[in-house]
Amino acid sequence: MDPEEFRKRGKEMVDYVADYLEKIEKRQVFPDVEPGYLRTLIPDCAPQDPESFEDVFKDIEKIIMPGVTHWHSPYFFAYFPSASSFPALLADMLCGGIGCVGFSWVCSLGYIYIAMRLFSLFFFSSQAASPACTELETVMLDWLGKMLSLPEEFLAGKDGQGGGVIQGSASEATLVALLAARTKTIRRVQSEKPELTEADIMGRLVAYASDQAHSSVERAALIGGVKMKNVPSDDTFAVCGSALKKVLDEDKASGLIPFFFCATLGTTPCCSFDKLLELGPICNNENIWMHIDAAYAGSAFICPEFRHLLNGVEFTDSFNFNPHKWLLVNFDCSAMWVKKRSDLIGAFKLEPLYLQHHHQESGLVTDYRHWQIPLGRRFRSLKLWFVLRMYGVTGLQEHIRKHVRLSHQFEHLVLQDERFEICAEVVLGLVCFRLKGSNELNKALLKSINEAKKIHLVPCHLREKFVLRFAICSRTVESTHVKFAWQHISQLATELLKTWEQNGHQQ
Ligand SMILES: *Cc1c(COP(=O)(O)O)cnc(C)c1O
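From a predicted model like this one, the values you see are computed outputs, not experimental measurements.

As a matter of local geometry, the ligand sits amid 14 residues, with A170, S171, D293, N322 and K325 nearest to it. Measuring from a nitrogen atom of the ligand, one finds a side-chain N or O atom of D293 at 2.6 Å. Its free accessible area being 390 Å², the ligand has 87% of it covered by the protein chains.

Among the nonpolar cores identified, the biggest contains 113 residues, and F261, F319 and L428 are the most heavily contacted of them. Counting residues per element, this core draws most heavily on helix α14 (residues 381-415), which supplies 11 residues. With sequence-adjacent residues up to four places away left out, F261 is seen in contact with Y208, A209, V231, V239, L244, D274, L279, C283, I288, W289, M290 and H291. Among the nonpolar cores identified, the runner-up in size contains 31 residues, and A173, I186, V189 and A220 belong to it.

Okay, the packing of helix α5 (residues 131-147) against α14 next. Put simply, α5 and α14 touch, their axes get as near as 9 Å, and they point 25° apart. Between α5 and α14, the crossing angle belongs to the class labelled roughly parallel. Relative to α14, α5 is oriented so that their crossing is left-handed. Taken together, the residues of α14 that come into contact with α5 (itself represented by C133, L136, E137, M140, L141, W143, L144 and M147) are S381, L382, L384, W385, L388, R389, V393 and L396.

Moving on, we get to a nonpolar patch on the surface. A cluster of nonpolar side chains, namely V14, L90 and M93, defines an oily patch on the protein surface of about 270 Å² accessible area. Following the sequence through the fold, V14 ends up in helix α1 (residues 3-22). Judged by its relative accessible area of 38%, V14 is partly exposed.

Right, let's get into the packing of aromatic side chains. As enumerated under the stated definition, the model contains 20 aromatic pairs in all. Summarising the aromatic geometry, the rings of F410 and W486 are spaced 5.7 Å apart at their centres and angled 85° between planes, so their arrangement reads as edge-to-face. Here F410, found in helix α14, pairs with W486, found in helix α16 (residues 479-502); they are 76 residues apart in sequence, far enough to count as distant. The class of F410 is buried, set by a relative accessible area of 0%. Looking at R469, its charged tip hangs above the ring of F80, at a distance of 4.8 Å from the centre.

Summarising the element assignment, L384 is placed in helix α14. Given a relative accessible area of 0%, L384 falls into the buried group. Sequence separation between L384 and L144 is 240 residues, and the spatial gap between their C-alpha atoms is 8.8 Å. When near neighbours in sequence (up to four residues on either side) are disregarded, L384 contacts M140, L141, L144, I166, V329 and C333.

To continue, consider the UniProt feature "modified residue: N6-(pyridoxal phosphate)lysine" (unreviewed entry) in the chain. Those places that UniProt annotates as "modified residue: N6-(pyridoxal phosphate)lysine" (unreviewed entry) correspond, in this numbering, to K325. Not counting residues up to four positions away in its chain, the partners in contact with K325 are F80, P81, S82, A83, A295 and Y296.

The rules behind each value
Residues numbered from 1 in each chain as written. Predicted model: local features only at pLDDT ≥ 70, side-chain atom pairs only at ≥ 80, totals over all residues. Heavy atoms only, no water. Near = heavy atom within 4 Å. Polar contact = N/O pair within 3.5 Å; in protein donor to acceptor, adjacent residues only side chain to side chain. Areas by Shrake-Rupley, 256 points an atom, 1.4 Å probe, with all protein chains shown as cover. Core = buried A, V, L, I, M, F, W, Y, C linked by side-chain atoms within 4.5 Å. Buried < 20%, exposed > 50% of the residue type's maximum accessible area, 1.4 Å probe, protein only. Helix = DSSP H or I, 4+ residues; strand = E, 2+ residues; numbered from the N terminus. Contact = heavy atoms within 4.5 Å. Axes fitted to C-alpha atoms, helices over the stretch in contact; angles between N-to-C directions. Parallel < 35°, antiparallel > 145°, perpendicular 65-115°, else oblique. Left-handed = near helix turned anticlockwise from the far one by under 90°. Patch = residues over 30% accessible without salt bridge, like charges linked within 9 Å, V, L, I, M, F, W, Y side chains within 5 Å. Salt bridge = Lys/Arg side-chain N within 4 Å of Asp/Glu carboxyl O. Phe/Tyr/Trp six-rings, centres within 6.5 Å; stacked < 30°, edge-to-face > 60°. Lys NZ or Arg CZ within 6 Å of the ring centre and 35° of its normal. UniProt positions renumbered as here; feature names shortened; annotations may be inferred.

Shown next, in the form of structure tokens:
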């Protein structure tokens, strides 16, 4: 494909995407296909000879779309939102355009760097490879940090010791924080008790998170090779200080070394909030790294009326949320801040001592390779820049507020129907609800909802209860869609209850 054809095809593709998103409502939100459907539709091997763009293009509707779950349909109420906006899509196009060059530059120099890392000159020339990519990211994370009113220490500024980085996902951010905490703790314990080997210490380290925390936290501990324990949440599904204190005391008494606590703001099952103001001082006193996973809820903190949910962030070492969930920045864009960048760099730099006397990292000088697991990185801050400028803080606040309003609308509809109950406080854009009755009944209700494929929901467990989650997701969802969804659910419930009665089921 030459530039002329790219120009033409690019415009066609933009039209296709615009049509797709404009008319997404007309598509069935959940696909009809069976596992393995795609293999039967495409050849076993890559084509020997080139095919035309037309050949590929016509297969999008034939092969791909039948198997797509339409996450941006206003009838999609499953999981949490996956952000999408036109400014972000355009920025990602530009990222792709610049990215190929940027990526190979960084990557090949990276390998040369590893081979020749004794020659500092080489290293510095690789730093200058993508100044815009690095600098825009630092500044965007400062913008975003200010929008959330993060404490000054988390900002890079001109000479800050903290700062932000874009990770690919909240899972990666948690892992990076846990690994940094692990290294920091091992070094500290070794300096206090030189008789202990690294392996001795590793064997005693324990990480903690709520029993409501995302599975990625447990995975981070698994990958990090450390024990992980769940702290029991209270009857509002939040971890409070006394619960953490209790497990810590028990574990310390048995010779273990608590080193990491991941607090969740906006848990995945029901959007509950761990009590930062109680947990923070405990972690600080016990030398425990505190990380906040606010993957979904974090976006809401740009609204002054929700900012109090973040109170206590001042106690933490690292904080993360996903603009790619709720802030209209397409996947992938997970924003992470640390108070002390030296903690990350100390954990991930190949030769920390060797470079120390060349330059100390601070606000203006950032080498993001030492802040993350992969070497290469895309120009993801472009998406943030486009979205923050073209929506403005007000536009983004409106988006959040609309979603919260719609979730309360759904909550009210549920509350008016005596057959149903609300299972957790509705704070942001998620409503947890169920039919009063058995788990079997609720499983049957969810099955009938998802088999009808007019809307899409996923369930969760809250303690022993099987619960349906109604998450406001689409950028274009309106009150009419929410009303439709409720009427549909309520009608399916009526039919279900009738057949259960006829069949003599226990409700
Ligand atoms: C969605 C979610 C995650 C996972 O986010 P990724 O960016 O996909 O890794 C982690 N934690 C919480 C609380 C979530 O809701």
